[in-house]
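Survey of secondary and tertiary structure
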Amino acid sequence: MLDDIDRRLLEILINDARISLKELAAQVGLSSPSVSERMRRLEERGVIRGFTVEIDPKALGYQLQAIVRIRPLPGKLHIVQKLIEDMPEFGECDKVTGDDCFVARLYVSSIDRLDGILDRIADKAETSTAIVKSKPIERRPPPLSLS
């Protein structure tokens, strides 16, 4: 699926998505047009989904992160999902198997704010919340080659 050059391009971009095409080409030993074409193909195939900015939530005043497991009450799944989608404090959410339907990460400025958010879904779902103390592993991409 990926050759060694594609993997090297991705490794470089993971570390610096703002690198210039010229510098990227120099690091992999190809011409800029060749790298541009490879990048285009990686995007078309969905390997590269986009280029983004990583923001530190604390720098924006969100002092707490919480992981919330959410189990909608019978018949409330779609309502709960819509509530989660509409609240910007939910930074990410996975629909999962098992006892709970959703596992979500919230960014909040205080425990009071967290309580207010959870109160909005309390009559539609059961929740279990854990406050994040630290992140020993920051979000990272999967390995670039299958082992």
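Preceding this section is the structure that the text describes.
Note that the structure is a prediction, hence the values are computed from the model and not measured.

1. What to know about the environment of Glu44
In this structure, Glu44 sits in helix α3 (residues 32–44). The exposed category is assigned to Glu44, whose relative accessible area is 59%. Among the polar contacts listed, one links the side chain of Glu44 to the side chain of Arg40, at a separation of 2.3 Å.

2. A look at the packing of helix α1 (residues 4–15) against α3
Interhelical geometry of α1 versus α3 gives an angle of 85° and a closest axis separation of 11 Å. The orientation of α1 with respect to α3, classified from their angle, is roughly perpendicular. Taking contact as the criterion, the partners of Ile5, Asp6, Leu9, Leu10 and Leu13 in α1 are, on α3, Val35, Arg38, Met39 and Leu42. Taken together, the residues that form the contact of α1 with α3 break down as seven nonpolar, no polar and two charged.

3. Focus: the nonpolar core
Ranked by internal contacts, the top residues of the largest apolar core, which has 17 residues, are Ile70, Phe90 and Leu106. Mapped by element, the contributors of at least two residues to this core are β1 (64–72), α4 (77–86), β3 (102–108) and α5 (111–121). Here Leu106 is in contact with Leu64, Gln65, Ala66, Val68, Glu89, Phe90, Leu114 and Ile117, once residues within four sequence places are set aside. In this structure, Leu2, Leu9, Ala25 and Met39 belong to the second largest nonpolar core, which totals 13 residues.

4. Thoughts on the pattern of salt bridges
Inspection of the entire model under this criterion finds 16 salt bridges. Put simply, Arg7 and Asp4 hold a salt bridge, and the shortest N to O gap is 3.4 Å. Taken together, the residues Arg7 and Asp4, both in helix α1 and three residues apart, mark about one turn of the helix. The exposure class of Arg7 is partly exposed, given its relative accessible area of 22%. One salt bridge in this structure joins Asp6 and Arg38, with 2.8 Å as the shortest N-O distance.

5. Notes on the pairing of strand β2 (residues 90–95)
In regular strands, side chains alternate between the two faces of the sheet. In terms of strand pairing, β2 meets β3 through five bridges, oriented antiparallel. Following the sheet pairing, Glu92 is matched in β3 by Arg105.

6. Details of the sheet that holds β1
Spatially, the four strands line up as an open sheet ordered β2-β3-β1-β4, and their pairing is antiparallel. Of all the strands in the sheet, just β2 and β4 (125–131) have a single pairing partner and so form its edges. Neighbouring strand axes in the sheet, compared pairwise and without regard to direction, differ in orientation by 20° on average. Direction of pairing for β1 relative to β3: antiparallel, over a ladder of seven bridges. Counterpart to Ala66 in the pairing with β3 is Leu106. Against the sheet, α5 touches β1, β2, β3 and β4, its axis set at about 160° to β4.

Rules of the game
Residues numbered from 1 in each chain as written. Predicted model: local features only at pLDDT ≥ 70, side-chain atom pairs only at ≥ 80, totals over all residues. Heavy atoms only, no water. Helix = DSSP H or I, 4+ residues; strand = E, 2+ residues; numbered from the N terminus. Buried < 20%, exposed > 50% of the residue type's maximum accessible area, 1.4 Å probe, protein only. Polar contact = N/O pair within 3.5 Å; in protein donor to acceptor, adjacent residues only side chain to side chain. Axes fitted to C-alpha atoms, helices over the stretch in contact; angles between N-to-C directions. Parallel < 35°, antiparallel > 145°, perpendicular 65-115°, else oblique. Contact = heavy atoms within 4.5 Å. Nonpolar A, V, L, I, M, F, W, Y, C, P; charged D, E, K, R; others polar. Core = buried A, V, L, I, M, F, W, Y, C linked by side-chain atoms within 4.5 Å. Salt bridge = Lys/Arg side-chain N within 4 Å of Asp/Glu carboxyl O. Pairing = 2+ DSSP bridges.

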